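Observations on the three-dimensional arrangement
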Amino acid sequence: ISVKKMPVNIGVVSFNQKATTNHKLTSVSTKSGQISQNVTDIKTSINGIETTGLNDGGTNIHDGLIKAYSLLAGQSNAYIILLSDGLPTHYITANGNVGGNGRDSTDNCKNYATDYVNNTIQPAGINLITIAFDCPENAKTFYKGLATKPEYAKESGIGDINSIFSEIADQLLYVMASGIVTDD
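Described below are features of the structure shown in this document. (Residues numbered from 1 in each chain as written. Predicted model: local features only at pLDDT ≥ 70, side-chain atom pairs only at ≥ 80, totals over all residues. Heavy atoms only, no water.)

We now examine the overall build of the chain. Looking only at helices and strands, the chain features five helices and nine strands. What you see in the chain, going N to C, is helices and strands ordered as β-β-β-α-α-β-β-β-α-β-α-β-α-β. Expressed as a percentage of the 184 residues in the chain, the buried residues total 36%. The long-range fraction of contacts in the chain, counting pairs at least 24 apart against all pairs at least 6 apart in sequence, stands at 60%. (Helix = DSSP H or I, 4+ residues; strand = E, 2+ residues; numbered from the N terminus. Buried < 20%, exposed > 50% of the residue type's maximum accessible area, 1.4 Å probe, protein only. Contact = heavy atoms within 4.5 Å.)

The following block contains the structure:
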């Protein structure tokens, strides 16, 4: 019997009216389980995401999930960490167009995201952790419903976002450090 450390791969997707893959799935662990230099590239990608505040074109959770899934499809022990500051106000229609007006969270905006989680992400075995960042109660409730497990639904304000990410990192590091036990 041997224990193999699980590789750690991270990608970055941002979204407003449409989603963008800011960094493709990249290994951030070495064969010995140490963190590689690629972490710096990931941080640079995250820091390069432009946020424009109000009137930024809306929130397309659906497209963000589609892009995240495309990075993770076929990966074992995969996680999406979804951070948003409000309800979805856009979605991708069946013909690939953007639906929603960018201001109002309609049933379509929420249903497209929810259906994608229920019909694509969960059946693929991908875990979804949600962080409702400085959100109103109705958005917190929506993101609790999207998370694949109750403990994967997080809420954060400006002052505690670092502690939320630390908590998530601890959960994921525990899973990764547990490794995979195989019968050689």
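Applying the stated criterion across every chain yields a total of four aromatic pairs. Each ring, one from Y91 and one from Y112, has its centre 4.3 Å from the other, and the planes form 25°; the classification is stacked. Here Y91, found in strand β5 (residues 91-92), pairs with Y112, found in helix α3 (residues 107-121); they are 21 residues apart in sequence, far enough to count as distant. Residue classification places Y112 among the partly exposed residues on the basis of a relative accessible area of 28%. Ring geometry for F142 and Y143: centres 5.1 Å apart, planes at 75°, overall edge-to-face. (Phe/Tyr/Trp six-rings, centres within 6.5 Å; stacked < 30°, edge-to-face > 60°.)

As a further point, take helix α2 (residues 61-72). Residue pairs three or four apart in sequence face the same way in an α-helix, which turns once every 3.6 residues. Here α2 contains twelve residues, and its C-alpha end-to-end distance of 16 Å stays within 8% of the 16 Å for a straight helix at 1.5 Å per residue. Every buried residue belonging to α2 is among I61, H62, D63, G64, L65, A68, L71 and L72, and all of these are buried. Following α2 by one or two positions, G74 adopts a phi angle in the positive range, close to 85°. (Expected span 1.5 Å × (residues − 1).)

Turning our attention to the pairing of strand β3 (residues 19-27). When strand β2 (residues 9-15) meets β3, the two strands line up antiparallel, connected through six bridges. By the bridge assignment for β3, V12 is matched with H23. In sequence, β2 turns back onto β3 through a hairpin of three residues. (Pairing = 2+ DSSP bridges.)

For the rest of this paragraph, the subject is the sheet that holds strand β8 (residues 153-156). Taking strand neighbours across the sheet as the criterion, the three strands line up as β4-β7-β8 in an open arrangement whose pairing is parallel. Bordering the open sheet on either side are β4 (79-84) and β8, each of which pairs with just one other strand. Across this sheet, the average inter-strand angle for adjacent strands is 20°, counted without regard to direction. Direction of pairing for strand β7 (residues 127-133) relative to β8: parallel, over a ladder of four bridges. (Axes fitted to C-alpha atoms, helices over the stretch in contact; angles between N-to-C directions.)

With respect to the helices, strands and loops of the structure, H23 is situated in strand β3. Engagement of the side chain of H23 in a polar contact is seen with the side chain of T26, the distance being 3.2 Å. Residue contacts for H23: discarding those within four places in its chain leaves G11, V12, D41, I42, S45 and L71. (Polar contact = N/O pair within 3.5 Å; in protein donor to acceptor, adjacent residues only side chain to side chain.)

Core analysis: the biggest nonpolar cluster contains 20 residues, and I61, L65, I80, I121, L128, Y143 and L146 have the highest contact counts within it. Sorting the residues of this core by element identifies α2, β4, α3, β7 and α4 (137-146) as the ones contributing at least two each. Not counting residues within four places of it along the chain, the set of residues in contact with I121 comprises L65, Y69, I80, Y116 and I126. Ranked by size, the runner-up nonpolar core spans eight residues in total, among them Y79, I131, I164 and I168. (Core = buried A, V, L, I, M, F, W, Y, C linked by side-chain atoms within 4.5 Å.)

What follows concerns the side chain of D63. For D63, the location among the structural elements is in helix α2. By relative accessible area, D63 is classed as buried at 3%. Here the side chain of D63 touches A19 through a polar contact of 2.7 Å, landing on its backbone nitrogen. Every residue in contact with D63, bar those within four places of it in the chain, is listed here: K18, A19 and I92.

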